[in-house]
Every structure is written in C-alpha cells, then in structure tokens.
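Spelled out, the chains give:
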Amino acid sequence: MIRRRQTRSFLLCASLLPLLLSSSAARADETAPARDPKQAVNEAYTAKIQKYTTAPVFTSPLVDYLPASKNVPTPEIVLGDVSGAPGILPYAEDVYKYMRLLAKATPRVRVFSIGTTEEGREMIAVAVSSEENLKHLDENRARLAKLADPRTIKLDDAEADRIVAQSTPIYYITGTIHSPETGAPTALMELAYRLAVDESPYIREIRDGVITLITPVVEVDGRDRMVDLYRWHLAHPKDFYPPLIYWGKYVAHDNNRDAMGVTLKLTENVLNTYVGWKAQVLHDLHESVPYLYDNTAGDEPFNAWVDPILTDEWEMIGWRNVADMTKFGMPGVFTHGVFDTWSPGYLMFIAAMHNGISRLYETFGNGGADTEERTLDPQDYSRTWWRQNPPFPKTLWSQRDNNNYEETGLLTSLHYFNENKRLFLKNFYLKSKRSITKPTEEGPAAYVLPADDPRLELQTELLQVLQKQKVEISRATASFTVAVPAKKRKKSRKKEDAKDTNEKEKEAEPTSREFPAGSIVIRMDQPYSRIADALLDHQYWSPDDPQKTPYDDTGWTFGELFNVKVFRITDPKALDAAMERISEVKPTGGVQGDGTIFAINNSAEPALATLRYKLRDADMQAAEEPFEAGGKKFNRGSLIIRGVARSDFDRAANETGLHAAALSAAPSVKTHPVRAARVAFVHTWLSTQTEGWWRLALDNLKIPYDYISTQVVAKTDDLNAKYDVILFPPVGYNTSTTAIINGMPRDWGNPLPWKNTPETPNLVGKNDSTDDMRPGLGWDGVAHLQSFVGKGGVLLTATDTSRFALSIGLADSVSLGTSQKMNIVGSVLGTRLVDAASPIAYGYDEKFSAYCDNGPIFTLSSIAGGRGSRRLGGHSTSRPTGRGTADDPDFTVGRPGIEVPEEPTSELWEYPQVSDEQRRNGLRVIPAAGRARVILRYADNKDLLVSGLLEGGDEIAQHPAVLDVPAGQGHVILFSINPVYRGETRGTYSLVLNTILNFDNLNAGRTILEK
Ligand SMILES: [Zn+2]
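All values derive from a computational prediction rather than experimental measurement. (Residues numbered from 1 in each chain as written. Predicted model: local features only at pLDDT ≥ 70, side-chain atom pairs only at ≥ 80, totals over all residues. Heavy atoms only, no water.)

Draft legend 1. How the structure looks around the sheet that holds strand 8 (residues 333-335). Ordered by their spatial adjacency, eight strands build an open sheet running 1-2-4-3-5-10-6-8, and the pairing between neighbours is mixed. Of all strands in the sheet, those bounded by a partner on one side alone are strand 1 (109-116) and strand 8. Looking at each pair of strands side by side, their axes are set apart by 20 degrees on average, direction ignored. Where strand 3 (residues 170-174) meets strand 5 (residues 281-287), four bridges bridge the pair, whose relative direction is parallel. By the bridge assignment for strand 5, Thr174 is matched with Asp284. (Pairing = 2+ DSSP bridges. Helix = DSSP H or I, 4+ residues; strand = E, 2+ residues; numbered from the N terminus. Axes fitted to C-alpha atoms, helices over the stretch in contact; angles between N-to-C directions.)

Draft legend 2. Just the coordination of the zinc ion, in detail. For the zinc ion, the protein coordination sphere consists of His178 (ND1), Glu181 (OE), Glu181 (OE) and His286 (ND1), at 2.1 to 2.5 Å. Considering all four donor atoms around the zinc ion, angles at the metal cover 55 to 152 degrees and the coordination shape is irregular. In terms of primary sequence, the donors binding the zinc ion are separated according to H-x2-E-x104-H. We classify Glu181 as buried; its relative accessible area is 12%. (Donors = N, O, S within 2.8 Å, 3.2 Å for Na, K, Ca; no water. Tetrahedral: all angles 85-135°; square planar, octahedral: opposite > 155°, others 65-115°. Buried < 20%, exposed > 50% of the residue type's maximum accessible area, 1.4 Å probe, protein only.)

Draft legend 3. Expanded view of helix 24 (residues 646-656). Among the residues making up helix 24, those that are buried are Phe649, Ala652, Ala653 and Thr656. On an axial view of helix 24, the arc spanned by its buried residues comes to 100 degrees, and they lie on one face. Buried-residue contacts for helix 24 involve helix 19 (456-468), strand 21 (590-592), strand 22 (597-600), helix 23 (607-614), strand 26 (639-642) and strand 27 (659-663). Looking at the residues trailing helix 24, positive phi occurs at Gly657, about 75 degrees. (Arc of directions from axis to C-beta. Contact = heavy atoms within 4.5 Å.)

Draft legend 4. How the structure looks around unusual backbone geometry. A cis amide bond links Glu300 to the next residue, Pro301, at an omega of 0 degrees. Tracing the sequence through the fold places Pro301 in strand 7 (residues 299-302). For the peptide bond that leads from Gly443 to Pro444, omega is -5 degrees, which places it in the cis range. Residue position: Pro444 is located in the loop between helix 18 (438-441) and strand 13 (446-449). At Lys278, a position not held by glycine, the phi torsion is positive, near 55 degrees. By secondary structure assignment, the location of Lys278 is in the loop between helix 12 (265-277) and strand 5.

Draft legend 5. Inspection of the pairing of strand 30 (residues 706-709) at higher detail. Strand direction decides the pairing type here: strand 29 (residues 679-683) and strand 30, joined by four bridges, are parallel. Its bridge partner being in strand 30, Ala680 is matched across the sheet by Asp706. As a crossover connection, the stretch from strand 29 through helix 25 (residues 689-700) into strand 30 is right-handed. (Right-handed = clockwise from strand over helix to strand, strands pointing away.)

Draft legend 6. Molecular detail of the pattern of salt bridges. Evaluated as defined, the whole model comprises 58 salt bridges. The partner of Asp157 in a salt bridge is Lys433, with the nearest N and O atoms 2.9 Å apart. Placement of the pair is Asp157 in helix 8 (residues 157-166) and Lys433 in helix 17 (residues 421-436), with a sequence separation of 276 residues. On the basis of relative accessibility, which here comes to 31%, the residue Asp157 falls in the partly exposed class. A salt bridge links Arg194 to Glu407; the shortest N-O distance between them is 2.9 Å. Of this pair, Arg194 sits in helix 9 (residues 184-197) while Glu407 sits in helix 16 (residues 399-419), placing them 213 residues apart in sequence. A network of salt bridges, in which partner residues are shared, links Asp307, Arg434, Lys438, Glu442, Arg530 and Asp533. (Salt bridge = Lys/Arg side-chain N within 4 Å of Asp/Glu carboxyl O.)

Draft legend 7. Structural context of the side chain of Gln539. Mapped onto the fold, Gln539 is located in the loop between helix 21 (529-536) and strand 18 (540-541). By relative accessible area, which is 3% here, Gln539 ends up buried. At 3.4 Å, the side chain of Gln539 and the backbone oxygen of Ala534 are in polar contact. Side-chain polar atoms of Gln539 contact the backbone nitrogen of Trp556, separated by 2.9 Å. Once residues lying within four places of it in the same chain are set aside, the contact partners of Gln539 are Trp305, Trp342, Ala534, Thr554, Gly555, Trp556, Thr557, Val946, Ser947 and Gly948. (Polar contact = N/O pair within 3.5 Å; in protein donor to acceptor, adjacent residues only side chain to side chain.)

Draft legend 8. Representation of the sheet that holds strand 19 (residues 567-569) in the model. Pairing is antiparallel across the open sheet formed by five strands, whose spatial order is 19-13-17-14-20. On the outer flanks of this sheet lie strand 19 and strand 20 (579-581), each paired with one strand and no other. Between one strand and the next, the sheet's axes are offset by a mean angle of 30 degrees, whatever the strand orientation. Bridge count for strand 13 against strand 19 is three bridges, and the pairing is antiparallel. Residue pairing across strands places Val448 opposite Phe567, the latter belonging to strand 19. Packed onto the sheet, helix 19 meets strand 13 and strand 17 (520-523) and runs at close to 25 degrees relative to strand 17.

Draft legend 9. Fine view of the packing of helix 19 against helix 21. Packing of helix 19 against helix 21 leaves a shortest axis separation of 10 Å and a crossing angle of 145 degrees. For the pair helix 19 and helix 21, the sense of crossing is right-handed. On the side of helix 19, the interface is formed by Leu462, Val465 and Leu466, while helix 21 contributes Ala532, Leu535 and Leu536. Considering only residue class, the contact of helix 19 with helix 21 consists of six nonpolar, no polar and no charged. (Left-handed = near helix turned anticlockwise from the far one by under 90°. Nonpolar A, V, L, I, M, F, W, Y, C, P; charged D, E, K, R; others polar.)

Draft legend 10. The arrangement of the packing of aromatic side chains in detail. Applying the stated rule across the entire model yields 39 aromatic pairs. On the numbers, 6.3 Å between centres and 55 degrees between planes, the contact of Trp314 with Phe349 is tilted. Placement of the pair is Trp314 in helix 13 (residues 308-327) and Phe349 in helix 14 (residues 349-352), with a sequence separation of 35 residues. Assigned by exposure class, Trp314 and Phe349 land together as buried. Three or more aromatic residues link up through ring pairs in this structure, and these residues are Phe58, Tyr291, Phe364, Phe392, Trp397 and Tyr405. Across from the ring centre of Tyr65, 5.9 Å away, lies the NZ or CZ of Arg194, which sits over that ring. One cation-aromatic arrangement involves Arg937 over Trp909; the distance from NZ or CZ to the ring centre is 3.7 Å. (Phe/Tyr/Trp six-rings, centres within 6.5 Å; stacked < 30°, edge-to-face > 60°. Lys NZ or Arg CZ within 6 Å of the ring centre and 35° of its normal.)

Draft legend 11. Spatial organisation of the packing of helix 23 against helix 32 (residues 989-997). Where helix 23 contacts helix 32, the axes come no closer than 9 Å and their chain directions differ by 30 degrees. Judged by the angle between their axes, helix 23 and helix 32 are roughly parallel. For the element pair helix 23 and helix 32, the recorded crossing hand is left-handed. Contacts between helix 23 and helix 32 pair Leu608, Ala609, Arg612 and Tyr613 from the former with Leu993, Ile996 and Leu997 from the latter. (Parallel < 35°, antiparallel > 145°, perpendicular 65-115°, else oblique.)

Draft legend 12. How the structure looks around the pairing of strand 37 (residues 933-938). Among the six residues in strand 37, six count as buried, and that is most of the element. As judged from the three bridges shared by strand 34 (residues 827-833) and strand 37, these two strands associate in the antiparallel manner. By the bridge assignment for strand 37, Leu833 is matched with Leu936.

Draft legend 13. Looking closely at the nonpolar core. Among the nonpolar cores identified, the biggest contains 149 residues, and Leu147, Tyr405, Leu466, Ile522 and Phe558 are the most heavily contacted of them. Ranked by residues supplied to this core, first place goes to helix 9 with nine residues. One finds Val591, Trp685, Leu796 and Ile977 within the second-largest nonpolar core, a separate group that totals 87 residues. (Core = buried A, V, L, I, M, F, W, Y, C linked by side-chain atoms within 4.5 Å.)

Dropping the structure here:
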C-alpha cells in the first residue's frame, strides 16, 4: 500500500518538484537545489540511480541525476556500476584509485596522503573546490591559521573580520570508520564527482565557497576485511556469513572512542589532518538507525567543556539539515534523538575540542550492498517531537537509498554552511579566542604536573597524549607559588558544629602551594585549552540526571587514570611563573651514579615490564621490602639488575624513560627473581573488541605473547609446557560463561571460516584464523585451564572473564554478589591497597583510582560452596524487647544474667571469621592458605566516586577489586576493575604487568592468619 502511494508520488517528484523549487530561485538569498538545465545529464548513470532507488521519496533533486562530463570519469570507471549499486563494495584501494583519477582529470580535485594504518594501509584526504581555491591552499591556510590562533593577530576582532572576509572555510567529511557501515565510500566518490563537475548554481556556490575535504575510508584495515566478507557472502549466498570479528588491528566499534587517548593511527591521522588544515567542521558518517539521524544536536547532557557557541551551532546546523530534507519530502530525517554528547571520545569530537564543529550522521545501512526488505522497531518508526516525519515500519532498502540520503544531507549541509560561512568562520575565531581568554574569563588558569611526581615516565606518557592533541606544554624554569582557594563545605545544620569545623579546617588547609622548578604547566591561555581542560578535569554525572542511559563512559579524568599528579590551578599568577615551551615531550630516563649494579625504584610504571623483556639476559631481582641505597629510598618491588653493560643499560633506561641508580654494592634486602614470563593471550571468536585494547597496550610496551583463541586452549593438553601466564582479558558486553564455553550455535547453519582465501585475501590481517568461528572454549578447554592453574600456572581474568573463572569453580572462596541498584557507567572509582606486600601491588600507593564499568561484586566466603555467613532464623543485631534501655543487655527473670559472647565482625575485604559451629566437622571450611589474597579493594562509599556516574555505590564499596586466588599450585587473578582500557588507564596497567613479572613468586610477602 505504501509503495503504491510512493510510486504515484515518484511521478510527481520527477516532473513537478524541480519546477516548484526553481520558482524559489527568484529570491536572491536562496539558491534552488536543482540541476542546471543547460548542463547535459549522464543518462545511463541517471537511469541506474533511479533503478536502484527503491522508492521515489528516498531521493532528492540534488542526487536523482548525474551531470555529464566529457573528461571527468564517473565512479563507474572503477565500480563497474554506479555508486550504491547492489552487490558492489569497493576496497579502499579502488576508492583511492577513483579519487586519483578524478584529481588527474580535473584541477578541482586534489588527493593528499595523510598517513598509514597499523597494518600499513594508506589513508587519504581528498580536497574538492574551485580551481582557484585549490591553487591558493597555502595562502588560505595561513589565513585560517590566524583565526585558529588569534594570538597571532593580538585578539583583534577587526582584523579577524578582514581575514574572515578573505577566507575559504574547510568542511571535513570522514567515511566508514565503522567497517560494517559500508555506504560512505561510494557516496563520497559520487559526491566528489558532483562537487567537481556539476554546474548548477547550488553546487557551484559550494565549490566556489568551501573547500570540501574528504577521507572516504577512515578504518582502512577494517574496510578491506569487510569487503572480503561481503565477497564471501556473495560467493555463498545461501550460507550465513561470519561476523566481522576484527575491524582494525586492535579494536572494532571502539575506534570511535579513541579521540581522548589518541592511541590508534586512524585517530592520529584524522586529528592531524583536521588541525593541520585548520578545518571548521568534522562530519563523520555512520550507519545504524533509519533513515538519517543527524545527531549533531544530540540529547543531554552536553559535554561540559565545549563552548556554548558550538552547542548553538549544533542546533542551527542540525535543524536546518532536517528542514532542508523535509522539504524534499524525504521521510525519517531527524536530529536530537537519543545520543548524548557527554563523552569527548568520538572521532567527531576532535572538532568540538579544537574550536570547530563536530557533526555525525547515522544513515540506514544493510551492512553490505544487498537490497533488502527491512522491518523496523516501533521505536524507530514512531513519531516523536524531534521526528515529525518518521521512517516507514517496513522498508525495501538499498545501498543506493543510503547513498542518496548521505549525499543529499551533505550537499544541503555544505550549501547552508557556505551561505553562512562568514558567521561560522567568525565563530571559529571567537571560539579560538575564548579558548585563549579562558584563564581570566572562566578559569582555570592552568593545570600543573609537579616535577617531583614519583611517576615521571607515566607523566611523560600523559604529556605525549596532550601533545598529540596539539596542546602547548610548558616547563617551569624556577619554582613558583600559587594561591589555593579554600574549599567550600556543605553547611552543617548545627551552628556550633559549623563554627568548630570551620576553625579546624582553616588551620589544616593550606592557602598556597609551591611547585618545584621543572614542573609542567598546561596553560589555559592557548587555542586548544579546551581539550586539555576536558581530559584533566573531573567529571560528575548526577544520578538524578534525566538521562538514564549514558551513551558511553561518564568519567575519564586522565591524571587519575594515569596515576599521575595533576593540579587544577585557578590562580592566574600561575601564568606569570618563569617557564619555557617544550617543543617535543621525550622520556626523561637515565642512570645516575657509578657501579655495575643498577636499581630502579618501583613506582608502578609500565616501562619496568618493557625493560625486563628488553634486557632478556640480565639478572633482575625484585626487592620484597623497601630499602635505601646510594642515598636514595626504594619502594618494595624495586628492581635490582646485574649482568648488563653500562652502555646497554644507559640506552635501555633512556628509551624506556626509567630513572635508575648505579650502585657499587647490592643492597641487603630479601629479593626474588623477576623472569620474563612466557605469556599466552587468549581471545574468543565472539568478540575481540575489549581485549584489543590489552593487545595494543602490550604491543606498545613491547611485551611478547602468543595470541591464541579459546579453540587453541581446547586443543592444548599441556598449557604449562608452553606458558607461565595466561591472560584472558574481558570479552566485552558482559559475555556469559555459557557463551565462552559453547561459542556460537552449531546445531544448525554452516561453518564460519575466518581465514585468507582467494575470495577473502585481507580477512586475517595480522591477527588469528580459524576454519570455523563457532566452537568456543568447550569443556576440554575448561579442563585445560583448570589443569594449567593446578600445575602452577597463573591465569589472569578481568570483569566478564573473572565471572567466568568463578563460575567454573576456580575460586571457591569468592562468590559474586548481586546488585539491585548499582549503576556505574564507565566511571573512575577510588581504590585502596589492602596487601601492599603482594608483588601485584608493587609500586602502588595506598590510594589510587581505577576504571570500573559495573564491575563484578566479589564477595569473600570462608566456606566452600556457599555463603558462609548466612544462617537460619535471620540475623538480628538489635536487642530483643524487654526491660531497660536500648543499651542494656537482655534480662531473664529467675536466673543470673549470662554474658553474650561478642559477635566476630569482619570488613567486606576480609574473610568472615569461621565460627566454632562451622568448624564442627568443617569439611567445607577453607584453610586460610587456600583463601584469596585481597590485593586491592574499592574505597568506602563516601570516597568511591572520583569521576563520572555512581549510583548504588554501597553495593560495591569496600568489596575486593583485585584478588589473587590460590588454586592448586597456581593462581587465578581476578579483576573487578578493567585495568587496561582504551589507552586511558595506564596507571593500572602495572597491576597486570606485576602479575606477569612476578608470576612464580606471587606469594611473596604473604602472611597467613588462621582464624
Ligand atoms: Zn557507527
């Protein structure tokens, strides 16, 4: 029914609409979105566009034809068909080939190489504009650079206006960062052609007024794998096709969550291009909901660090985009929606955090180029206040439809942007200027990272992230002092109490702080102050926020997650301190003193592990107690190294950024050897998303490992023969134990191969392969893991794999608590060290922060197979009804009073004391040596939240966060926090690395109290 109505309107659309629209061309300020009747149409191409468009409302007068050109090739030249044709998905290489053919054919297109991916594939940016604009790119860039850094024109608004009037803005479009979202490359090929060739006034205005910059494929490694997979699907049309388990080398969907840490090449390359070109907009193309969700103006809460000028721009551009496409009669175009713009981790946020405009489309894709009937969810086709013309409940949808929406949205956006480019360029200048005047207008003045931080190597890593973000970094050349504002306390209800505390606090709280020479100053009077502020500040997401489903992490404070000291300074005097700009942040490591024995203080810096594997033949010992040597104090866990030539050691210390002392004699302290463990890294064939961040971390630290799947574990009888440590990082998405063991269903369907074949030359890349992705760990694999641990191996698990370890019975003395109201969505939480003598804790202070995303609630039990403390008849802590006051003991008439024995109590991070009754024939009582060693716990509820959202925190507060469970001869290490995540949690990496380095001495320093 719907389709018939559409067929009629198609005729209307094709014949009348251009006329209706051209009548509005008479108005001087609005150019009609219509083709130039004087320019010939490429009839064959146009006919195919119409053929592949499944309903006339799914196109627009901007894209329902293709202008002809004698010398410029259409996408057909590499695709063999038109953009969006069914069955055709080009590899990145083909897309580049086309873009380069365009550049050869017309002076209106230029192609730039912008870097390579982790697997060495090229990334490009294609500039499309008038010949005149492209001829003067450098002069234009010099002008834009002045707007981007208003210090260069002394913040002179009049001068800015003059520059704005002469400048051509840059609108940067990025495609297919998410590999199963396949439409953007063909849409962008055709868009480039249209922008270069079309002579209609509407397109000409864009071409003359804007430089459109296009990266058609952002995730190039993933694109090639996806095209392989699609080809496999075409060759086996009746089979189920394998899910795209790997996108990039390391991560999948999370590649769009890297704009804070900048750990992936694609983020770095896009960031460099965006900032290098001084672009005004970054518009990232995605596919999910029907038909075009412009989430430029998202739901609340908005990111708290962006300039409100930007949030107004979001609304202007977003709603105007909806309005333009609504006028074309295209259904399902909307903005606002459900996406909140809190986290700055999205690729588009590179623009938001660098004084530009971030934009994102979700169009509708079929995950390939098949034309399919799609049935929508009611939530996708319901009419809401922000979606007045919703999609249809059932839709025959093609890749061409998707391309029509993408191109129409982009062309209307470009046109509107061009019409208002003076406004947007001026805003670009104003946002940059307001970033520079931040210290006096809004604060803070600066962030300071003190020179006496014990973790200088981690400090360097944090500074390197800021440097990738183009933040200016300075070093104080002399010590300086700043005022510290008094903290405001909540008013006490009682007046007298308030007086008391105020006086006490006045005494205790310092009013100034001195920083030593060499301290790092991140000044807030610089153009990119906002990204530094957003990364270094704390986040607070109110549990009362109307937004109940945060789209991503709610907290990320980098100083906390890197375990590095960062001070937010509001006193503008900080900016007057003597300082110098650092052009390049380099590791500051080195060796002091003379002697053949080297000692390195352990401050839980990941580079210690790098050093162990770098100096393979060296004798390394870990001190089991703190010691003093060469006039210096060394923490427990500090390394004492022998058997390395001074020159080799100097080089290693320099490269790793570690600070070492050369000693003439070894200190007298109990030590154990630190050996280079043989590490297996286990992944499933269900998801490689979350473990990918662990792989990336280990690769960056140059720690070798065998990357094996659960299927290999199932086949390997003697894991101990090959490995000392098995890392089983989180699978992600709270994957169940059943799924890990069973894998994917095999009672039906076909094998799902993940391997290179002539049809799928790029699939495997540099990761792993299998003939069939479906089998999981299986019960053989479970038995192999149990036997590995039993024979002395160390198995390290985190979050969902810790749940898995508990459910297969690897830790009898730990059970999983259930939560009723706990809600921790990617937050930074406080933790407390419980057992500082454990090698896993080496180098850590008593308090530090960790990343938690609704982590498992570990509950300790002294009784195997049950919750030891539960008893029949309820648990009463108050006295029974009777004589006397509430504090009096109970009283029985007619007999002397009996003193009630004191109830043993224990903290949540301690094992409950075993009662005498439980010890009667206590076959289930776990001996103290068999109980877990609690390394780290969550802080008390009042100190638990550091950054982000915390609701129902009392359910996890004080519970263990890291446990070392003895099992047979070996150990199972359980993490409730995720210690390795998105390159952002480097402060907790060493909890994992310490486990690896001390694998055969994890019991060092353990005290066993039988109680
Ligand atoms: Zn996406």
